[in-house]
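# Residue-level structural notes
The chain contents come next:
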Amino acid sequence: MARYLAGRLPSALFVLFAASVLVFAVLRLIPGDPAVTLAGPDASPEAVDAVRAELGLDQPILHQYVAWLGDLVRFDLGRSYVLGVDNASLVRDGLTNTIVLTLAALLVAVLMALALSIGGVLANRRWLEAVLSGFNTIAVALPTFVTGTLLIVLLAVVYRVLPAGGTPPEGFASRPDLAVQYLLMPALCLGLPAGAALTRFLTESLRTQLEAPYVTTAQALGISRRRIVLTQALPNALPSAVTVLGVQVGALLGGAVIVEAVFAWPGLGLLIESGISGRDYPLVQVLMMLSVLVFVVTQLLTDVANAWLDPRIRLGGAAA
Amino acid sequence: MSDVRTARPAPAAAATPAGEPLPLPLLEIDGLHVDFAHPRPAVNDIGFAMAEGEIVALVGESGSGKSMTARAVLGLLPRGARASGSIRVRGREVLGLPDARLRDLRGASVAMVFQEPQTALNPVRTVGWQLREALRAHRSGLGRAAARQRALELLREVEIPDPEKRLGYYPHQLSGGQKQRVVLALALANEPALLLADEPTTALDVTVQAEILALLRRVNQRTGTAILLITHNMGVVAQMASRVIVLRLGDVVEDGPIADVFERPQHAYTRQLLAAVPRLRPADDATGAEPRLVKAAEPSGPSGPSEPSGEQVPAVVFEGADVVFAPARRGGEPFQALTGVDLQVAPGEVLGLVGESGSGKTTLGRAAAGLVPLAAGRVRVAGADVAALDRRALRELRRRLAFVPQDPAASLDPLLSVGQSVAEPLELHGVGDRAARAARVAELLESVRLPASYAGRKPRELSGGQRQRVALARALALEPTLLIADEPTSALDVSIQAEVLRLFDELQTQLGFACVFISHDLAVVRQVSDRVAVLRAGRLVEVGATADVFDRPQADYTRRLIEAVPEPVVPTSARTTPAPASRRARAS
Amino acid sequence: MTVAEVEPAEGTTGRTWRRGVLLHGRGLLGLVLVTVVVAAGLLAPLIAPFGANEQIEGANLVGPGGAHLLGTDEVNRDIWSRVLFGIRVDLIVVFVAVPVGAVVGIAVGVATTMNGLADTLAQRLFDVVLAFPVLILGIGVTAVMGPGVVTVAVVIALAEVPVFGRLVRTSLLTIRALPYVESSRVMGAGTWWLMRRHMLPNSLEPLTVQLGVSMSVAVFIEGALSFLGLGVRPPDPSLGSLIRDGIRNVWQSPTFVVGPLVVVSMLVLGFLLISQALAAGRRA
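Thresholds, definitions, all that
Residues numbered from 1 in each chain as written. Chains lettered and ligands numbered in written order. Predicted model: local features only at pLDDT ≥ 70, side-chain atom pairs only at ≥ 80, totals over all residues. UniProt positions renumbered as here; feature names shortened; annotations may be inferred. pLDDT = per-residue confidence, 0-100. Contact = placed C-beta atoms within 7 Å. Helix = DSSP H or I, 4+ residues; strand = E, 2+ residues; numbered from the N terminus. Nonpolar A, V, L, I, M, F, W, Y, C, P; charged D, E, K, R; others polar. Pairing = 2+ DSSP bridges. Buried ≥ 20, exposed ≤ 12 C-beta atoms within 10 Å, placed from the backbone. Expected span 1.5 Å × (residues − 1). Bend = angle between axes of the 7 residues up to and from the residue.

Named according to an unreviewed UniProt entry, chain C is ABC transporter permease originating from Nocardioides marinquilinus. Its UniProt record gives chain C a comment under Sequence similarities (unreviewed entry), which states: "Belongs to the binding-protein-dependent transport system permease family." Under the Subcellular location (unreviewed entry) heading, UniProt states for chain C: "Cell membrane".

As annotated in an unreviewed UniProt entry, chain B is ABC transporter ATP-binding protein from Nocardioides marinquilinus. Under the Sequence similarities (unreviewed entry) heading, UniProt states for chain B: "Belongs to the ABC transporter superfamily." Listed in UniProt under the heading Subcellular location (unreviewed entry), the comment for chain B reads: "Cell membrane".

### Some thoughts on the confidence of the model for chain B
Here chain B shows a mean pLDDT of 85. Residues at 70 or above account for 87%. Low pLDDT, under 50, characterises residues 284–309 of chain B; the stretch is placed with 38 contacts to residues that sit more than four places away or in other chains.

### Quick notes on the UniProt feature "transmembrane region" (unreviewed entry) in chain C
All names here are of chain C. Summarizing the sequence annotation, UniProt attributes the feature "transmembrane region" (unreviewed entry) to residues 28–48, 91–113, 125–157, 207–230 and 250–274 in the numbering used throughout. Span residues 28–48 is 90% helix and 0% strand, its end C-alpha atoms 27 Å apart. Its end C-alpha atoms 33 Å apart, residues 91–113 is made of 100% helix and 0% strand.

### Comments concerning the interface of chain A and chain C
Opposite the 42 residues of chain A that make contact, chain C presents 36 residues. Mapped onto the side of chain A that touches chain C, the elements with two or more residues apiece are α1 (2–29), α6 (126–141), α7 (144–158), α11 (225–262), α12 (268–277) and α13 (281–309) of chain A. In terms of residue count, α1(A) provides more of the side of chain A that touches chain C than any other element does, 9 residues in total. In terms of residue class, the side of chain A that touches chain C is made up of 34 nonpolar, 7 polar and 1 charged.

### Focus on the sheet that holds strand β15 (residues 384–385) of chain B
Residue and element names in this part refer to chain B. The 4 strands lie next to each other as β12-β11-β14-β15, forming an open sheet whose pairing is antiparallel. Looking along the sheet, the strands with just one partner apiece sit at the ends: β12 (335–345) and β15. Of the strand pairs in this sheet, strand β11 (residues 316–325) and strand β14 (residues 376–381) are connected by 5 bridges, and their pairing is antiparallel. The partner of valine 316 across the bridge, within β14, is valine 381.

### Focus: the pairing of strand β2 (residues 43–50) of chain B
Residue and element names in this part refer to chain B. Counting buried residues in β2 gives 6 out of 8 residues, a clear majority hidden from the surface. As defined by bridge partners, strand β1 (residues 27–35) adjoins β2 across 5 bridges and the pair is classed as antiparallel. Bridged to glutamate 28 within β2 is alanine 49.

### Considerations on the pairing of strand β6 (residues 110–113) of chain B
Residue and element names in this part refer to chain B. Across the two faces of β6 the burial is the same, with Val110 and Met112 and Ala111 and Val113 all buried. In this structure, β6 lies alongside strand β7 (residues 194–198), joined through 4 bridges in parallel fashion. Note on β7: the bridge partner recorded for methionine 112 is leucine 196.

### Remarks on helix α9 (residues 191–227) of chain C
All names here are of chain C. If you check α9, its first and last C-alpha atoms are just 47 Å apart, much less than what 37 residues at 1.5 Å a residue would give, namely 54 Å. Methionine 199 marks the point of greatest bend in α9, at about 45°, and the proline proline 201 comes within the next four residues. With its phi angle positive at about 85°, glycine 229 sits one or two positions after the end of α9.

As structure tokens, this is what we get:
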């Protein structure tokens, strides 16, 4: 297993490296002199020079890249040109909020997928299948900005039962009940499409597993369908579902940008949006790198989970 | 088929020779009919009875309804299938029972063993877990220690070495034969009175098959478990069963003691089926196709088979050929598929290549076709070293090479019509114009006994046998000097196989191409080849004239291989034992 | 031939479209949804009562009904007309960007199966592109190119390249190992012959399913980027930017946002349904 995982590491590191080169190139590729762009249209030539020096834009390009990467690794993120604050603290605050939102959405997605797919397969009723499948299609199809808007219109504007956006004013830990109120709509909105995709996948793979010969063997032994689904089909379906979940985490990261914008949730998504509109490119770079890092780490975790769940990988080797 | 219902004696009466206190038959099936949404029912009208402790074979080709019948007993028919009629186990009607009641039956009084041991076990659970689960299905109160004890007993029962260790194994750590033993242990867990064995050895190598069959017989003797053996293999029937029931397209055509059915078949279909089975050892009264050695002894034409001699350039020569495959996964071991193979095939000669799975026979065929590179040694096709040729010379060489693959489902491009597939090699080498090619396609289709009008059909509109004939026509389009046929008939039913083999034989005599005929089926190889090569674990074990190798094998391994093949001849012991059921034929 | 052989019942290749899309209720619904929206977009200049950016005097935030089916926005523009014109942005994205991305992806996928170095290179590149969530990729590209329809189209095409590249590669490798391809190779067929005659035609069919999914995703991406203000440049309308504007006025009346929401949902759902029906037709 260790060997299997070690085999995955080089390509993960390569992706990180290549992504860092690309992200670094963003600042070089923007039209015009980045220092002028960053300093703003009304800046004096001295201010522009100061920006250039601070960014190291007067240094050779390789030197700039290494310095940038070094700063990134040390989490020394410089100052925001637009907001005038320390980028590291901005990112740290945003990161906390985004992690809370993403984890909540992940929880929504996983619970929904497990409940609907296992429930649907166990019930084994045609009408229920049709209803679940229809619900799923709609849930996958509706873009987050649509469901988010609908939720706000319905629960915050028309019925006014939940706050329309923002984070709980006193933080997440001190008033859990308030935190849930604030989290409910964004987490649902972000988790719904991922949950629906995962439900569809898990349902499909449970059904495929139930067609497998080993299930017929178990049935022929008099083991009940419920027990077969829970103790035999599910463990076989899980590894690939975990892979899909890993891919969905990537989708959640992207989706968080939209959901945070819809619900004015002060996370990384909102930060990146403001970074883009304010042309705060160094900040955008950091955030892009961060999202790639999260994605790559998620993939590695997925591989670990897979290796652990599947004895063929865990133990390796063929016939003894 | 005429209805002979009235001529059938009541099954219960058939099972009691003396007739005083009628012992209830173990299994009794009456007028079973299984149907899908399809036009033709899978099972039309099947009825038979089985006594306790009996071994009965249910034989038939694909579509005969043999597997559906077995599945109907346990209520395991596929979704959408409807069964009617009657199935009684020890007098109790089981057809139409609700799932919960069926569960009491499954595994407890009737258990089942399946064809494919590779997939019949759950890959993410240990052998011990699966055995415990089987036990707990009917004995919920069974403690952990007791379950483990019983699981060990079961593994010993199916003669698995080192059972304590094997309890913790996952299926992928076991060999194919061991997996099938575990499947059998699962089925025996709750001491069933009846074991339904659905092609239990079809996916196994012939030596492993012999072991599993012997084990099944011992289990039958030790535990008195009756076995309904579902198979297409007449050899297995002859070696195992005391009674045989022949099915065709969902109907019983014949039912009787094996000695009677094998020696005096009543129904034309049974006769035809038996005649189609290729024989490994030519018997005096063999009704099958005559072995090839008879033909080879005839005076042959100028292109006929001959001993490899110095004057002629051999069709293909292997000189110390090694093939090594790179590890499938990073960090894995490379796999040596062939080691130092020296072999040659003369022009116009058919070389049969036999071996069990993993012996490298397919790799050898692929190496001859230039599909896999050699790690060492050389392959010369028609005198030319395949590896040393430039692109154009290789193309010219390949014009005289052809390949007939195994799987009829994938031997033709699904998007191309039959005509396009057959014409492809002609087009490839720019033979003739469009009209000439069309004429040649018609000619080729006729030579494989298909109407020329089939040229417009798509592969999905053909049966498996028809597809293999089209694949043969396509391979022969350029009149190759060397044909490589990789198990060309092993996916076909015996009667279809017999036709394709006969066709192959005729075409080979007529066209005089050399052929490497790869097969796991020794009897088929005996029928078609002039010489035979035996491979084992990538090494050549024995090469010689067909009759020599089969009748006077030199190598130990060859001898074992030949002995393991179940012959479709009733052993003398079975002729003397009185059969428990009387004879019935449904129509003649 | 004395033995009756049972006609096999498998095989769907040629009839997938007809059976999957037209006969399947789901596929038909999808087709209707997509056709209605596409027709509305194409006919926008004819059926829209006002121009996309036409400011109507005295019509400030008028509620729906009367002369303005979906009402007007804060700068006196007719929302219904803007929705009709906004659809056109999605038409470009769906029917130009996605096919371009698909074709490039297919070409790269084909190249990967012919050359080991190209394969390694392409795989690593795909890994890198896929490591960016689509919207993050969109943000990066927008940073370089500036917002606009072209940028949105580039983002979508770029995101689809690895999707199609991987898919084609997998199915080509599967097909290459099939017996009928090997048998052609043994008889002298070269790489290009095999590719043109067997491998490419047989690998294209699963791609139609993916095409449906990708078109549905493209509508979503356009909407999301425009929603973030990274899509079309104001004052031109697109479905995403209309939703953004609608939300701004949601406290005035929730109805302003309904029109574009419905149209986006119709498009995304329609493409997804078609793709599901195609997939079901393949399995049948």
